[in-house]
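These are the residues of each chain, in order.
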Amino acid sequence: MLHGSRVLAGALAAAASCALQAAEPYPVRPILLVVPFPPGGVVELVGRPLAASMEKFLKQPVVISNKPGAAGAVGNAFVASAEPDGYKLLMSLSSISVIPEADKLFNRKPAYTLEQLLPIARVSADPTVLVVQSSAPWKSIKELVDDAKARPAQISFSSSGIYGALHVPAEMLALAAGTKFRHVPFSGGGPATTALLGGHVQFSVQGPSAVAGHVKANRMRLLAHWGGRKLDLFPELPSLKELGYDVEYYIWSGMFAPAKTPPAIVNTLRKAVADAVADADFRNAMDKISTPIQYLDQPEFTRFFAADGKRLAAAVRKIGRVEEKK
Amino acid sequence: MVEVAHNLLLGFQVALTPAVLGYAFLGCVIGTLVGMLPGVGPLTGISLLLPVTFGLNPTIALVMLAGVYYGAMYGGSTTSILMRIPGEAASVMTCVDGYELTRQGRAGAALAIAAIGSFSAGTISVIGLMLLAPPLAAIALKFGPPEYAALLVLGLLVLAFLSGGAMVKTLAMAVLGLLLGTIGIDAMSGFMRFSYGITELADGVGIVPVAVGLFGVSEVLLSARNGAGTRVQQPKLRELLPSRSELRDSAAPIARGTLLGFFIGIVPGSAHVISSFVSYALERRLARDPRRFGRGAIEGVAGPEAANNSAASGALVPLLALGVPSGALPAVMLAALLIHGVTPGPLLIQNNPEIFWGLIASMYVGNLVLLILNLPMIGLFINLLRIPFSYLYPLILVFCVLGVYAINQSAVDIWIMLVMGAAGYVLRKLDFETAPIVLGLILAPMLELSVRQALAMSAGDYAIFFTRPIAAGMLAIAATILLYALWSAFTRRALWRKTVGLEE
C-alpha cells in the first residue's frame, strides 16, 4: 500500500515535471553554441557576432564553445548526440556532409550521421575561388585547364586538407574538365595560402575573403569562382558554370540542433536567427570580414542542405581513396 | 632611419595615451594569469577575449590582444619553474633546470632570470620586427615543405644534445615520442592511424596533455612517494634575487636565445615551439661543463625563455608584413584584425600607420610593464612554495586537469595526461629523461607532413630536397653536425680506452 502510493506519487511528480517542462519557456538558461573548429576560423568569425545578436532577442547568453578535432567531426558529433533541449546548438561548415561520406569511404564507424542533425538556418555562403600567383602564366581557366591537359597531374595546388573545403572543389573542376591536378594538402587554409604566395604550388582554391587582401595587393590573381551568381567582392569574376564547367561549390555556415529538438524550440531559434541576421550590428560585423550573409530559413535550408550534401557525396565518391603513388 | 624614428614617435604617441596604456596593462595582466595556468595558453586567452574587444577601436583591441599574447609567454615560465608544470609546449625545457633551481632554493633567481630574459628578448625582437619585417617576411615565404623538412631534421639532431643522461636512453625516449606522434589521421590520405575508434585521437595526441602529464603529474606522484622527505621551502628575501655570477652566466644565453628564437619564429608553421628546445641544446653544447644541465643550470632557463619570447615576436613578422599567419596563434590575431576591419599586409603599414606603429610601440611599453609587474610578484609567487605539500599537490592536480580540459574541452585529453603522468613516474624512477618524448611528439607530425608534402610537390622525386638552395644548405649543416658528433664520439671513446688502459 505504502509502496503503491509512493509509486503513484513518483508518477505524479514525473507527470508534473513533464507538464512543467512543456510549459517551461525557452530559453531560461544560457545556450551553448558549439563551433567545431579551433579559434579564428570562418565559422567562428560568423558565429561570434551572430551569437551576440541572438542574445538580444533570446534574452539569454549565447556562449560560443570551440570543440575542435578531426576537421570538425568531434564538435559535429558532440551536438549530434546531445540532449535535444535547445541548449546545445551547432554552428558548422559545409564540410559537415563530407565527413560521414569520407568515413564510409574508409569503412569507418561514422562519428555522426546527418540524420542526427536538424538544420535551423543557413547564415552565410561563399563560393570558393581559384587563385594563382600574379606572376603565373595563366590568364584564364581555359589556359590553366589546357595546360593541365597537356601535362596531367603536373600542375600542383594547395588545399586546407584532404577532402576539405578547398580540396573537393578543385577535384570537382578536374573531373569536369577531364584532367588531373597534383594535390598538396596543408593543415588549414592559412598554410595553403602561404604555400601559394611562396610559389611552392601553382594554384589554390580559397574563400574570397581569405584572398581579397592579397588580390588587392597584386600578389594573387583570380581566375574563376564556383558560385551560381556574381560575387559581391569581385563582380567581374566569371563563374565556372559560365565558362562551361558544370560545378558548383560553396563554403557555407549554418546552424544545427540535435534531430529530436521540439518544434516550439526550433521555431524560437529560427525567429532568433532571422532577427539576428537582420540586426545592424551583425551586418556590420559581416561586412568587416567581407563575408556575404546568405540567409536561408529552415525549409529552404533543408532543401539546400540535401542538394549540397548529395553533390558533395558524389564528388567524394568520385575522388575515392587517395593512394599515395600512382 | 629618420623615417623609422618619426614613425616610432607616432607609435609612442598612440601607445602612451592613457586608454591604450590601460588596455596594454590589462592585456599583460590577463596574459600573465593565462600563461600560468597549465594548458590555458595564449591561444585560449586571446580567443576568449576576442568578443570582448568588439566594441573597442582596432588599435586598442590589437594592443590588448598582443599584451595577452606576450604576457602569456612570460607567465608560462612561472609554473614551470616553481612546480614543474609546463604551461605550454614551449616551456618544457624551462621545467628541467628551472625546477632543479627551485629545489636548490634558487626559485627567485630562476624566476628573475626568466623575466629578465623574456624582457630582453621581447624588446630586442621588437626592434627586429620593426626594422626587418618586410624583407624578412619575403624570405620566410621561401620556406616551403622541403625547407621546413630540412629545418626539422636539424631539430631532430638537437635531440642528441638535450639530455645529460645516457645517449641510448635519450634516443629511446625520442623514438617513443616519434611513435606517439604517428597517432591520428594521415594528412595525405585521410586514413586513421592507431585511433582505435576514438574520434578525438584523429588529430593525434595533444602536446600539452603529454607535457603536463610527463612533467607535472609525474612530479606530484614522485613527491608523494617521497612523503615526509620533501621539505617545505622557506626562501629568504635576499635569495630572491639572482647573484652577480648568475646574471653574468645568463647574458650570453639570453642574447643567443633571442636571435635564435626570432629567426625560428619567422618561419611559417609551428616551428617556433622548437625554438626553446634548440636554444637549450645549444647552451648545453656550448657550456664548459654540460653535466650541470638538468641539475639546475641557470643558462638552461635563460636561453629557452628568451628564445620562446623572441619567437613570439618573430611570428608576428609574416602576419603584419604579409597578412600571412605563421601558426595557430597569429591566425587568431589575424582573425581579430579582420573583425576590426584591418587587413594586415604591406598596405597595413601604409594605410594604418597608427595601428602598426602603435602596436610596435605598445610592445616596448608592454614588455616594460611585464618586467615591472613580474619582478615584485616573484616574492608573492615564491610564497606558494610555503604551502604544505599535502595541500599544494592536490591543488596542482586540480589545475592540471582543469587546464588540460580547457584546451579542447575534451575528456580524452585528461586521460592522456593521467596515463602520461603514470608513464612519466615509471620512466623517471628508471632514470629516463622525459623531455625527448615531448620533442619527438612535436617533431614527428610536422616532419612527416612536410616530407610528404615535398614529395607530393615533386611527384615522389627526392631530388627536391637537394636542388632547392635553402633546403640543401640546411641538410648540409645537419650532415656536418652529425659527422662532427660521430667523430668526437669516436675520439672520446679512444681517449677513454687509453685512460682505462693506463689505469690497468
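Each helix and strand in chain B was counted, giving 21 helices and two strands. Taking 23 Å as the expected radius of gyration for a compact globule of 504 residues, we find that chain B reaches 22 Å, a close match to that expectation. Considering only C-alpha atoms, chain B reaches an extent of 75 × 60 × 50 Å along its principal axes. A buried classification covers 58% of the 504 residues belonging to chain B. Only carbon and sulfur atoms are counted for the fraction: they give 70% of the accessible area of chain B, which is about 20,300 Å². Both charge centroids of chain B, one from 28 positive and one from 24 negative side chains, sit 10 Å from each other.

Another point: the overall build of chain A. When helices and strands are tallied, chain A shows eleven helices and eleven strands. Along the longest, intermediate and shortest principal axes, the C-alpha atoms of chain A span 90 × 45 × 30 Å. Across the 326 residues that make up chain A, the buried fraction comes to 56%. Counting only contacts in chain A whose residues sit at least 6 apart along the sequence, the fraction spanning at least 24 positions is 77%. Entry remark: accessible area of chain A is about 13,800 Å², with carbon and sulfur atoms responsible for 57%.

If you trace the backbone, Ile339(B) turns up in helix α14 (residues 328-339). The spacing of Ile339(B) and Pro51(B) is 288 residues in sequence and 9.5 Å in space, taken between C-alpha atoms. Residues in contact with Ile339(B), not counting those within four places in the same chain, are Leu45(A), Lys288(A), Ile289(A), Leu50(B) and Phe54(B).

Before going further, it helps to examine the confidence of the model for chain A. Residue and element names in this part refer to chain A. In this model, chain A carries an average pLDDT of 86, and 91% of its residues clear a pLDDT of 70 or more. Within chain A, helix α1 (residues 2-23) has the poorest average pLDDT of any element, 48, and strand β5 (residues 129-133) the best, 95. Note that residues 10-20 has pLDDT below 50 and, in this model, zero contacts with residues that lie over four places away or in other chains.

Attention now goes to the domain arrangement of chain A. Residue and element names in this part refer to chain A. According to the domain assignment, chain A consists of domain 1 (29-125 + 252-317) and domain 2 (129-248). On a C-alpha basis, the centres of domain 1 and domain 2 stand 26 Å from each other. On the side of domain 2, eight residues touch domain 1, which itself brings 13 residues to the contact. The largest contributions to the domain 1 side of the interface with domain 2 come from Ser 290, Arg 311 and Ala 315, which together make up 39% of the buried area. Where domain 1 touches domain 2, the interface holds one salt bridge. The salt bridge partner of Glu 248 is Arg 311, with a shortest N-O separation of 3.9 Å. Elements with a contribution of two residues or more to the side of domain 1 that touches domain 2: α4 (98-105) and α11 (298-319). With four residues, α11 is the largest single contributor of residues to the side of domain 1 that touches domain 2. Within the side of domain 1 that touches domain 2, the residues separate by chemical class into nine nonpolar, three polar and one charged.

All names here are of chain A. Within this structure, the stated rule accounts for 24 salt bridges over all chains. Two residues, Arg 311 and Asp 308, come together in a salt bridge whose shortest N-O distance is 2.9 Å. Of this pair, Arg 311 and Asp 308 both sit in helix α11, three residues apart, which is roughly one turn of the helix. Taking the relative accessible area as the measure of exposure, Arg 311 reaches 27% and is therefore partly exposed. Look at Asp 308 and you get buried, because its relative accessible area is 2%.

So, on to the interface of chain A and chain B. Contacts between the two partners involve 39 residues from chain A, matched on the other side by 44 residues from chain B. Summed over the shared surface of chain A and chain B, the result is zero salt bridges. Our count for the chain A to chain B interface comes out at five residue pairs in polar contact (both at pLDDT 80 or more). Secondary-structure elements contributing two or more residues to the side of chain A that touches chain B are α2 (42-58), β2 (62-66), α3 (73-80), β7 (182-185), α7 (189-197) and α8 (208-216) of chain A. It is β7(A) that contributes the most residues to the side of chain A that touches chain B, four residues altogether.

Here the focus is the sheet that holds strand β6 (residues 156-159) of chain A. Residues and elements named next belong to chain A. Sheet architecture is open: five strands sit in the order β7-β6-β8-β5-β9, paired in mixed fashion. For this open sheet the edge positions go to β7 and β9 (220-225), each flanked by a neighbour on one side alone. Strand-to-strand twist of the sheet, defined as the mean angle between neighbouring strand axes without regard to direction, takes the value 30°. Bridging between β6 and strand β8 (residues 203-206) involves two bridges; their strand directions are parallel.

On to the domain arrangement of chain B, then. Residue and element names in this part refer to chain B. Parsing chain B into structural domains produces domain 1 (2-467) and domain 2 (469-504). Taking only C-alpha atoms, the centre of domain 1 and the centre of domain 2 are 31 Å apart. Across the boundary between the two partners, domain 1 contributes 14 residues, which contact eleven residues of domain 2. Summed over both sides, the interface between domain 1 and domain 2 buries roughly 1,100 Å², with carbon and sulfur atoms accounting for 82% of that surface. Per-residue buried area on domain 1 facing domain 2 is highest for Ala 150, Leu 154 and Leu 157; these three make up 37% of the total on that side. Taken together, the connections running from domain 1 to domain 2 amount to zero salt bridges. Those elements that provide at least two residues to the side of domain 1 that touches domain 2 are α7 (145-162) and α20 (464-467). Ranked by the residues each element gives to the side of domain 1 that touches domain 2, the list is headed by α7, at eight residues. Along the lines of polarity and charge, the residues of the side of domain 1 that touches domain 2 split into ten nonpolar, one polar and three charged.

Within helix α3 (residues 42-49) of chain B, six of the eight residues are buried, which leaves the element mostly enclosed by the surrounding structure. Every buried residue of α3(B) is listed here: Pro42(B), Thr44(B), Gly45(B), Ile46(B), Ser47(B) and Leu49(B). Looking at the buried positions of α3(B), the neighbouring elements they touch are α2 of chain A together with α2 (18-36), α4 (58-83), α14 and α17 (389-408) of chain B.

Below, the discussion takes up the sheet that holds strand β10 (residues 250-258) of chain A. Residue and element names in this part refer to chain A. Across the sheet, which stays open at both edges, the six strands sit in the order β2-β1-β3-β10-β4-β11 with mixed pairing between neighbours. The open sheet has two edge strands with one neighbour each: β2 and β11 (293-296). The sheet shows a mean angle of 25° between the axes of neighbouring strands, direction not considered. Where strand β4 (residues 117-127) lies against β10, nine bridges are found, and the strand directions are antiparallel.

Calculation rules
- Residues numbered from 1 in each chain as written.
- Chains lettered and ligands numbered in written order.
- Predicted model: local features only at pLDDT ≥ 70, side-chain atom pairs only at ≥ 80, totals over all residues.
- Heavy atoms only, no water.
- Helix = DSSP H or I, 4+ residues; strand = E, 2+ residues; numbered from the N terminus.
- Rg over C-alpha atoms; globule rule 2.2 N^0.38 Å.
- Buried < 20%, exposed > 50% of the residue type's maximum accessible area, 1.4 Å probe, protein only.
- Areas by Shrake-Rupley, 256 points an atom, 1.4 Å probe, with all protein chains shown as cover.
- Lys, Arg positive; Asp, Glu negative; His and termini not counted.
- Charge placed at Lys NZ, Arg CZ, Asp CG, Glu CD.
- Contact = heavy atoms within 4.5 Å.
- pLDDT = per-residue confidence, 0-100.
- Domains from an automatic or database assignment.
- Buried area = accessible area lost by both parts, 1.4 Å probe.
- Salt bridge = Lys/Arg side-chain N within 4 Å of Asp/Glu carboxyl O.
- Nonpolar A, V, L, I, M, F, W, Y, C, P; charged D, E, K, R; others polar.
- Polar contact = N/O pair within 3.5 Å; in protein donor to acceptor, adjacent residues only side chain to side chain.
- Pairing = 2+ DSSP bridges.
- Axes fitted to C-alpha atoms, helices over the stretch in contact; angles between N-to-C directions.

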